[in-house]
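A closer look at the structure
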Amino acid sequence: MKKLLFGLMLFATTALSAQELGIRFGNTAAGSQSNNVAVDGIFAAGEFSRIHADVSFGNGVGVDALWDFLYRPLGGEAFSWYVGVGPSLFIGNKFWLGVSGEIGLEYAFNGVPIVLGIDWRPTFWLLEKTTFEAGGFGLNIRYRFK
């Protein structure tokens, strides 16, 4: 329980410096463990890279911290696409640790600080059981601070 509270405090502190903060619906990395909603945040890591982090709740706590190393506008300023990779973990009845990939498309509304996105996150689980899950599709709705 102390680890869970520490993790929540760490995420809340980090969320205060997020560029975008919102919610993600769909299969999170811990989707196989029945976590289908996550707090979703974007943190700048350079001009064309960023950290895309999620914390999901349900039958346990899932955490994804993906480095989107390619983040580019598509056509105009409103559409962007991204590709990334990073660690995923789930803490519940079992402990799962793995690596997730990510590819997504998002639309940032002009004049309104809302970003809508869709993404796909396949995950290769290494611990509790070595397995591959290809069904991590999600919808992101975030508020843009800057």
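Please refer to the structure higher up on the page.
Residues numbered from 1 in each chain as written. Predicted model: local features only at pLDDT ≥ 70, side-chain atom pairs only at ≥ 80, totals over all residues. Heavy atoms only, no water.

When helices and strands are tallied, the protein shows 1 helix and 10 strands. Contacts in the protein between residues far apart in sequence, at least 24 positions, make up 46% of those at least 6 positions apart. For the protein, the accessible area works out to roughly 7900 Å², and carbon and sulfur atoms hold 70% of it. (Helix = DSSP H or I, 4+ residues; strand = E, 2+ residues; numbered from the N terminus. Contact = heavy atoms within 4.5 Å. Areas by Shrake-Rupley, 256 points an atom, 1.4 Å probe, with all protein chains shown as cover.)

So, on to the pairing of strand β1 (residues 20-26). Looking along a regular strand, one sees side chains alternate from face to face of the sheet. Where β1 lies against strand β2 (residues 37-44), 6 bridges are found, and the strand directions are antiparallel. The partner of Arg24 across the bridge, within β2, is Ala38. In this structure, β1 lies alongside strand β10 (residues 137-144), joined through 7 bridges in antiparallel fashion. Residue Arg24 lies in a different strand from β10, and its bridge partner there is Asn140. (Pairing = 2+ DSSP bridges.)

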